[in-house]
Amino acid sequence: MTRTNAFTLLCIAIRAVIVWVAASALVGMPAVLFALRHGDSAFGGTGVSLAVMGSVLVALALAWVFADKLARLALAGPREQVFESSLEPRVWLGLAISIIGAWFLFLALKDGAYLIVRWIMISRALPGSLTLDNGLDQLLPDAVATVFEAILATVFLLRGRGLADQEVRRA
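Residues numbered from 1 in each chain as written. Predicted model: local features only at pLDDT ≥ 70, side-chain atom pairs only at ≥ 80, totals over all residues. Heavy atoms only, no water.

Next up on the list: the overall build of the protein chain. Tallying secondary structure elements over the protein chain gives five helices and two strands in all. Element order for the protein chain, N to C, with α for helix and β for strand: β-α-α-α-β-α-α. Among the 171 residues that make up the protein chain, the fraction classed as buried is 30%. Within the protein chain, residue pairs in contact and separated by at least 24 positions form 82% of the contacts whose partners lie at least 6 positions apart. Surface summary for the protein chain: the accessible area is close to 10500 Å², and the carbon and sulfur share equals 69%. (Helix = DSSP H or I, 4+ residues; strand = E, 2+ residues; numbered from the N terminus. Buried < 20%, exposed > 50% of the residue type's maximum accessible area, 1.4 Å probe, protein only. Contact = heavy atoms within 4.5 Å. Areas by Shrake-Rupley, 256 points an atom, 1.4 Å probe, with all protein chains shown as cover.)

Here it is as structure tokens:
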């Protein structure tokens, strides 16, 4: 049995949320890059958009490094409640990352089905001319994002424990 407290579990929860937010940002990246390529950036110029993306990544990295400080701020008495658990903290984090992997797997399946239906509809509306110029360009960012979702699902489901082993040893 391992002694665990609310502080340790909150650190794990914070890091799991950071993994989920970073993975979600990665999935949204193709749409942003395609918008920048076509000059349709929501923030104005390319430089501003890249600065916003970079600042988000820096904020996530800082939150990962200082997860223990955030947990201390959130808890009044971080070490008061201690309980016995048969799971070590690295196993809790691995479980959380695997759950995130399952989430991305279901998203990839849902988005893949949606893309197939959309592709069939576009191919019937524009018979014989399904090229990047005639409708397929609309599907490309979503298709790349769906591939990212599937890759993230595979990595998180199969390697969640490996990621957890490396990071929880420090905490």
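Attention shifts here to the nonpolar core. Among the nonpolar cores identified, the biggest contains 22 residues, and Ile-18, Ile-100, Phe-104 and Phe-156 are the most heavily contacted of them. Of all elements in the fold, only helix 1 (6-38), helix 2 (46-65), helix 3 (67-74), helix 4 (89-125) and helix 5 (136-168) reach the threshold of two or more residues within this core. In terms of residue count, the dominant contributor to this core is helix 1 (nine residues). Apart from the residues within four sequence positions on either side, Phe-104 is in contact with Trp-20, Ala-23, Ser-24, Val-27, Glu-149, Ala-153 and Phe-156. (Core = buried A, V, L, I, M, F, W, Y, C linked by side-chain atoms within 4.5 Å.)

Here the second largest pocket is characterised by a volume of approximately 180 Å³. Taken together, 10 residues make up the lining of the second largest pocket; nearest its centre are Ala-25, Met-29, Val-32, Met-53 and Val-56. The set of elements that each furnish at least two residues to the lining of the second largest pocket consists of helix 1 and helix 2. When its residues are assigned to classes, the lining of the second largest pocket shows eight nonpolar, two polar and no charged. (1 Å grid on protein atoms, 1.4 Å probe; cavity = no way out; pocket = protein on both sides within 12 Å on 5 of 7 lines; lining within 4 Å. Points joined across faces, edges and corners; volume = space filled by probe spheres on them. Nonpolar A, V, L, I, M, F, W, Y, C, P; charged D, E, K, R; others polar.)

The next subject is the packing of aromatic side chains. All chains considered together, the criterion is met by one aromatic pair. Seen from the ring of Trp-64, Arg-15 lies directly overhead, with NZ or CZ sitting 5.3 Å from the centre. (Phe/Tyr/Trp six-rings, centres within 6.5 Å; stacked < 30°, edge-to-face > 60°. Lys NZ or Arg CZ within 6 Å of the ring centre and 35° of its normal.)

Here Phe-106 shows up in helix 4. For the pair formed by Phe-106 and Ala-150, sequence separation is 44 residues and the distance between their alpha carbons is 8.9 Å.

A contiguous nonpolar surface patch, about 520 Å² in accessible area, is contributed by Leu-105, Phe-106, Leu-109, Leu-157 and Leu-158. Elements with a minimum of two residues in the nonpolar patch: helix 4 and helix 5. For the nonpolar patch, the element with the most residues is helix 4, which contributes three residues. Its relative accessible area of 57% is what places Phe-106 among the exposed residues. (Patch = residues over 30% accessible without salt bridge, like charges linked within 9 Å, V, L, I, M, F, W, Y side chains within 5 Å. Salt bridge = Lys/Arg side-chain N within 4 Å of Asp/Glu carboxyl O.)

Looking at the protein chain, the pLDDT average stands at 78 and 75% of residues meet or exceed 70. Taking the mean pLDDT of every element in the protein chain, the minimum, 69, falls on strand 2 (residues 82-85) and the maximum, 86, on helix 3. (pLDDT = per-residue confidence, 0-100.)

This model, assessed by the stated rule, comprises four salt bridges. Lys-69 is the partner of Asp-68 in a salt bridge, and the nearest nitrogen-oxygen pair spans 3.8 Å. Asp-68 gets classed as partly exposed once you look at its relative accessible area, which sits at 23%. For Lys-110, the salt bridge is made with Asp-111, and the minimal N-O distance between the two is 2.8 Å. Residue classification places Asp-111 among the buried positions, given a relative accessible area of 17%. When salt bridges that share partners are traced, they join Asp-68, Lys-69 and Arg-72 into one network.

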